[in-house]
Amino acid sequence: MEWQIIYYNSKLEKEILDLPEGLLARYLGLTDLLLEFGSNLGLPHTKPMRKGLFELRVKSTEGIARVFFCTKVGKKIIMLHSFIKKSQKTPKREIKIAQNRMKEVVNNEAF
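Computed from a prediction, not measured in an experiment: that's the story for all the values here.

Novice: I would appreciate a short explanation of the side chain of Ser39 in the present structure.
Specialist: Its place among the elements puts Ser39 in the loop between α2 (21–37) and β2 (46–50). With residues near it in sequence (within four places) discarded, Ser39 still touches Trp3, Leu34, Thr46, Phe69, Thr71 and Ile77.

Novice: Where do I start with the nonpolar core in this structure?
Specialist: It is characteristic of soluble globular proteins that their nonpolar side chains tend to be buried jointly. Residues Tyr27, Leu53, Leu56, Met79 and Leu80 are the most contacted members of the largest nonpolar core, which totals 28 residues. Elements represented by at least two residues in this core include exactly α1 (10–17), α2, β3 (53–60), β4 (63–72), β5 (76–85) and α3 (92–106).

Novice: Got a minute to help me understand the pairing of β3 in this structure?
Specialist: Bridge count for β2 against β3 is 4 bridges, and the pairing is antiparallel. The residue of β3 that forms the bridge with Lys47 is Glu55. Remark: 2 residues form the turn of the hairpin made by β2 and β3, two consecutive strands paired antiparallel; Gly52 in that turn has positive phi of roughly 85°. As defined by bridge partners, β3 adjoins β4 across 7 bridges and the pair is classed as antiparallel. Bridged to Glu55 within β4 is Phe68. Counted along the chain from β3 to the antiparallel partner β4, the turn is 2 residues long.

Novice: Help me understand the pattern of salt bridges in this model?
Specialist: Side-chain pairs of opposite charge can arise whenever the charged atoms involved come near each other. The tally for this structure, following the rule as stated, stands at 4 salt bridges. Notably, a salt bridge pairs Asp18 with Lys14, separated by 2.7 Å at the nearest N-O pair. Lys14 sits in the exposed class, given a relative accessible area of 52%. Residues joined in a network through salt bridges with shared partners are Glu55, Arg57 and Arg66.

Cut-offs applied
Residues numbered from 1 in each chain as written. Predicted model: local features only at pLDDT ≥ 70, side-chain atom pairs only at ≥ 80, totals over all residues. Heavy atoms only, no water. Helix = DSSP H or I, 4+ residues; strand = E, 2+ residues; numbered from the N terminus. Contact = heavy atoms within 4.5 Å. Core = buried A, V, L, I, M, F, W, Y, C linked by side-chain atoms within 4.5 Å. Buried < 20%, exposed > 50% of the residue type's maximum accessible area, 1.4 Å probe, protein only. Pairing = 2+ DSSP bridges. Salt bridge = Lys/Arg side-chain N within 4 Å of Asp/Glu carboxyl O.

Right, here's the structure in full:
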């Protein structure tokens, strides 16, 4: 069974696809790796944030973006939240959004 990527909602998918060209290219390259090797790519590509929550680390000349994701049984990678990083430290508000969405995903069989 191959890995698959699922988006939390269509708004998030559009938000990610609207990233600046260089960030989008890097994101698409990283998702190809996720589909082939799964969620545990390790640094510098992915980083565990909280129990079950990971970040995809996207960087290009245009800046830095982060896409939070979790996994579910059946080789599913669920993209939860994205943002453009403007400071060294990841804002707690961004992590909280991803954590709340992860709770919803984990308890929902539709994902």
